[in-house]
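The residues making up each chain are set out below.
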Amino acid sequence: MYPPKIGYVIPDSIEEAIEFLQQHEDARPLAGGHSLIPALKLRIIRPSYLVEIRRFQQLNYVKREGNIYKIGALTTHYDMIKSNVPLLSDAAKTIGDPQVRNMGTIGGVISHLDPAADYPASLIAMDAKVLIRGKKGQRLVDFKDFAKDMFTPDLNPGELVTEIQVPAFDGYKFSYQKLERRAGDYAIVGVAVLLKVNGSRIEDARIGLTAVNNIAVRAKGAEEELIGKELTEEVVEKASTRAMESANPTSDIRGSAEYKKKMVKVLVKRGINQALGGVRK
Ligand SMILES: Cc1cc2nc3c(=O)[nH]c(=O)nc-3n(C[C@H](O)[C@H](O)[C@H](O)COP(=O)(O)OP(=O)(O)OC[C@H]3O[C@@H](n4cnc5c(N)ncnc54)[C@H](O)[C@@H]3O)c2cc1C
């Protein structure tokens with residue numbers, strides 16, 4: 001309940017925040033605080049300083065440039081819901097509860113990298129990119145490389161996530177499915193589905209899974225089963241079954257590994273059907 005004693009820094013600029021973070025390796029940037037503060041209250045982490053980046057509201061934006069959505073790292077889950085970005089806005093609706101969504105930020109989620117977080121299923125399906133700013137300048141990395149392992153982002157001391165980029169996927173149908181014990185909980189299983197359908201033929205399929213691996217993954221087997229096929233119930237059934245190949249869940253208070261694996265199949269099927277608004281026979 002009580003955090004340890006910590007220094008608190010309110011920098012005037014992003015440059016100053018980066019400079020301070022680089023000089024103090026165990027200092028932590030504070031965004032929405034909805035993963036960092038709970039960890040401090042349990043004394044799981046003991047940083048020397050918190051560096052408040054939340055006031056840099058120039059990093060709270062969603063804009064479309066050509067075929068790319070650019071999302072500022074400090075965009076809250078609530079603002080993501082309002083922005084109507086395919087998949088990500090749907091995932092944002094399911095995160096925590098209204099209070100969490102008012103404070104939590106997309107940059108905070110991916111810097112924290114909880115294996116059951118909601119956005120990563122969509123980010124991996126969308127081939128998202130992460131813009132990182134450090135003292136030496138900026139670098140743009142693929143989200144799949146940025147998410148090195150659970151709770152392990154590709155961030156060096158003094159680096160901040162400033163932007164997330166995703167293609168617009170115009171003309172795609174999509175759906176985010178979250179299985180949870182009760183509203184406000186983390187996902188037991190989360191599935192993001194993006195489909196491009198031409199007539200009854202599936203031209204492209206992207207399926208992301210969260211909460212069933214250390215990091216979010218693409219359900220490659222399921223995608224293979226769908227791409228280039230005519231849309232039938234049989235194809236959807238086969239694809240949903242093959243999605244289980246990409247799930248390597250652990251048994252915990254949210255359910256057994258076996259149950260979670262089966263739920264991947266159920267949710268992928270649900271996701272495809274919801275994205276399409278019913279399956280053609
Ligand atoms: C009750 C509750 C329920 C929740 N339920 C869900 C849920 O269902 N699904 C879900 O996905 N999440 C859930 N969360 C987590 C929530 O979404 C957090 O807001 C999120 O994980 C972290 O974002 P934040 O902005 O609060 O980051 P913070 O807590 O401020 O920071 C998290 C970590 O990231 C670092 N960091 C933050 N921003 C940056 C940046 N721009 N660059 C570099 N490092 C940075 C911090 O130093 C810290 O290590 C829940 C949280 C709570 C308290």
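Predicted model, so just to flag it, every value in this text is computed and none were measured. (Residues numbered from 1 in each chain as written. Predicted model: local features only at pLDDT ≥ 70, side-chain atom pairs only at ≥ 80, totals over all residues. Heavy atoms only, no water.)

A.B. asks: Break down the site of the ligand for me, with residues and values.
C.D. replies: Taken together, 30 residues are adjacent to the ligand, and Pro29, Ser35, Leu36, Thr105 and Asp118 come closest. Asp185 has a polar backbone atom sitting 3.2 Å from an oxygen atom of the ligand. For the ligand, the protein covers 90% of the area, taking 980 Å² as the surface of the free molecule. Within the residue set of the shell around the ligand, elements represented by two or more residues are β2 (28-30), α6 (106-112) and β10 (160-167). (Near = heavy atom within 4 Å. Polar contact = N/O pair within 3.5 Å; in protein donor to acceptor, adjacent residues only side chain to side chain. Areas by Shrake-Rupley, 256 points an atom, 1.4 Å probe, with all protein chains shown as cover. Helix = DSSP H or I, 4+ residues; strand = E, 2+ residues; numbered from the N terminus.)

A.B. asks: Describe the packing of aromatic side chains, listing the residues and the values that go with them.
C.D. replies: In this structure the tally under the stated criterion is 3 aromatic pairs. Here Phe169 and Tyr172 contribute two aromatic rings whose centre-to-centre distance is 5.0 Å and whose plane-to-plane angle is 75°, an arrangement assigned as edge-to-face. As far as the burial class goes, Phe169 and Tyr172 line up, both buried. The residue whose ring lies beneath Lys63 is Tyr61, and the NZ or CZ to ring-centre distance is 4.6 Å. (Phe/Tyr/Trp six-rings, centres within 6.5 Å; stacked < 30°, edge-to-face > 60°. Buried < 20%, exposed > 50% of the residue type's maximum accessible area, 1.4 Å probe, protein only. Lys NZ or Arg CZ within 6 Å of the ring centre and 35° of its normal.)

A.B. asks: How would you sum up helix α1 (residues 14-23)? Please name residues and give values.
C.D. replies: Where α1 is concerned, the buried positions are Ile14, Ala17, Ile18, Phe20 and Leu21. Down the axis of α1, the smallest arc covering the buried residues is 165°, so these residues share one side. For α1, the secondary structure elements touched by its buried residues are β1 (7-9), β2, β3 (49-52), β6 (129-134) and β10. (Arc of directions from axis to C-beta. Contact = heavy atoms within 4.5 Å.)

A.B. asks: Can you explain the domain arrangement of the protein? Please cite residues and give values.
C.D. replies: The parts lose accessible area when they come together, and the size of an interface is often stated as this lost area. Under the domain assignment, the protein is made up of domain 1 (7-52), domain 2 (57-167) and domain 3 (172-276). Relative placement of domain 1 and domain 3: their C-alpha centres are 36 Å apart. (Domains from an automatic or database assignment.)

A.B. asks: Can you lay out the sheet that holds β10 for me, pointing to particular residues and giving the numbers?
C.D. replies: The antiparallel open sheet is built from 5 strands, whose spatial order is β4-β5-β10-β6-β7. Either end of the sheet is taken by a strand with one partner, and the two such strands are β4 (62-65) and β7 (137-142). For this sheet the average axis-to-axis angle between neighbouring strands, irrespective of direction, equals 25°. Relative to the sheet, α1 contacts β6 and β10, its axis offset from that of β6 by approximately 80°. (Pairing = 2+ DSSP bridges. Axes fitted to C-alpha atoms, helices over the stretch in contact; angles between N-to-C directions.)

A.B. asks: Help me get a handle on helix α10 (residues 233-243), residues and values and all.
C.D. replies: Val235, Val236, Ala239, Ser240 and Ala243 are the residues of α10 that are buried. For α10, the angular spread of the buried residues around the axis is 130°, confining them to a single face. Its buried side turned inward, α10 meets β13 (201-210), α9 (220-226) and α11 (257-276).

A.B. asks: Would you mind going over the nonpolar core in detail, with residue names and values included?
C.D. replies: Membership of the largest hydrophobic core comes to 37 residues, with the highest contact counts inside it found for Leu88, Tyr119, Leu123, Phe143 and Val166. Those elements that place two or more of their residues in this core are β5 (68-72), α4 (88-93), α6, α7 (119-125), β6, α8 (143-146), β10 and β12 (189-198). For this core, the element with the most residues is α7, which contributes 4 residues. Looking at which domains feed residues into this core, each of domain 2 (57-167) and domain 3 (172-276) gives three or more. (Core = buried A, V, L, I, M, F, W, Y, C linked by side-chain atoms within 4.5 Å.)

A.B. asks: Can you explain the sheet that holds β1? Please cite residues and give values.
C.D. replies: Across the sheet, which stays open at both edges, the 3 strands sit in the order β1-β3-β2 with parallel pairing between neighbours. This sheet does not close on itself; its edge strands, each paired only once, are β1 and β2. Going across the sheet, the axis of each strand differs from the next one's by a mean of 30°, ignoring polarity. Sheet analysis places β2 next to β3, joined by 3 bridges and oriented parallel. Bridge pairing in β3 links Arg28 to Leu50. Along the sheet, α1 contacts β1, β2 and β3; its crossing angle with β3, the most-contacted strand, is approximately 165°.

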